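# Results of the structural survey
Spelled out, the chains give:
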Amino acid sequence: MTPESFEPNTPELLSHNTVFAGQFDQIHRQVNPSRRMVIVTCMDSRMDIFQILGLENGEAHIIRNAGGVVTDDVIRSLCLSQRKMGTREIILMHHTDCGLQHVSEDDFRASIEAEIGVRPWWALESFADPYADVRQSIQRLYMTPFLIHKEHVRGFVYDVDSGLLREVELSHR
Ligand SMILES: [Zn+2]
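The following paragraphs examine the structure supplied in this document.

Before going further, it helps to spend a moment on the coordination of the zinc ion. Distances from the zinc ion to its protein donors, C42 (SG), H95 (NE2) and C98 (SG), fall within 2.0 to 2.2 Å. Sequence positions of the donors to the zinc ion reduce to the motif C-x52-H-x2-C. Here C42, found in strand β1 (residues 37-42), pairs with H95, found in strand β3 (residues 89-95); they are 53 residues apart in sequence, far enough to count as distant. Classification of C42 by relative accessible area gives buried; the value is 4%.

Have a look at this one:
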């Protein structure tokens with residue numbers, strides 16, 4: 001078997017950065033997001049959150065992980081964002097055709113254990129239905145004691161084939 005060849009992208013991206021820094025005009029912008037809001041979403045490479053929502057740099061915190069799942073670390077970031085950086089509004093955004101929809105939690109854990117002898121001590125948090133998972137994530141926000149602003153929380157599923165956001169209705173709060 002020939003090893004898969006891969007050429008790292010970093011050198012090219014660093015040359016992009018030189019061009020970027022040469023035109024840089026965002027000096028002394030406030031650290032607190034000007035729209036006082038946070039977007040929690042998936043790491044999916046097809047989602048440019050700024051483009052999707054018409055956001056500008058400096059306007060919102062963006063917290064991303066696999067799936068846009070509300071994990072302890074997302075709570076950590078939200079807690080800092082609300083308590084120290086003035087945010088009051090949260091948008092949760094999952095999407096169609098998510099990588100986490102194509103993985104079985106049990107198979108994933110078992111295969112890792114078979115390979116390295118250790119089961120992950122974290123959950124992969126795979127899901128079948130992005131709408132149900134947004135509801136689950138919103139419930140987690142409501143249930144955490146660490147957040148102080150829960151009045152303005154809305155959840156959406158982004159359709160990667162149309163660019164449209166669909167709001168997730170909450171059956172109960
Ligand atoms: Zn995803």
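A few words on unusual backbone geometry. Even without glycine at this site, D97 takes up a positive phi of about 55°. Positionally, D97 belongs in the loop between β3 and α4 (105-116). Phi at E125 is positive, roughly 65°, even though this residue is not glycine.

Quick look at the packing of aromatic side chains now. Tallied over the entire structure, the rule returns 2 aromatic pairs. Seen from their ring centres, F20 and F24 are 5.5 Å apart, and the 65° between their planes marks the pair as edge-to-face. Note on F108 and W122: the rings are 6.3 Å apart at their centroids and 50° apart in plane angle, and the pair reads as tilted. Remark: W122 occurs in the loop between α4 and α5 (130-143) and F108 occurs in helix α4; sequence separation between them is 14 residues.

Analysis parameters
Residues numbered from 1 in each chain as written. Predicted model: local features only at pLDDT ≥ 70, side-chain atom pairs only at ≥ 80, totals over all residues. Heavy atoms only, no water. Donors = N, O, S within 2.8 Å, 3.2 Å for Na, K, Ca; no water. Helix = DSSP H or I, 4+ residues; strand = E, 2+ residues; numbered from the N terminus. Buried < 20%, exposed > 50% of the residue type's maximum accessible area, 1.4 Å probe, protein only. Phe/Tyr/Trp six-rings, centres within 6.5 Å; stacked < 30°, edge-to-face > 60°.

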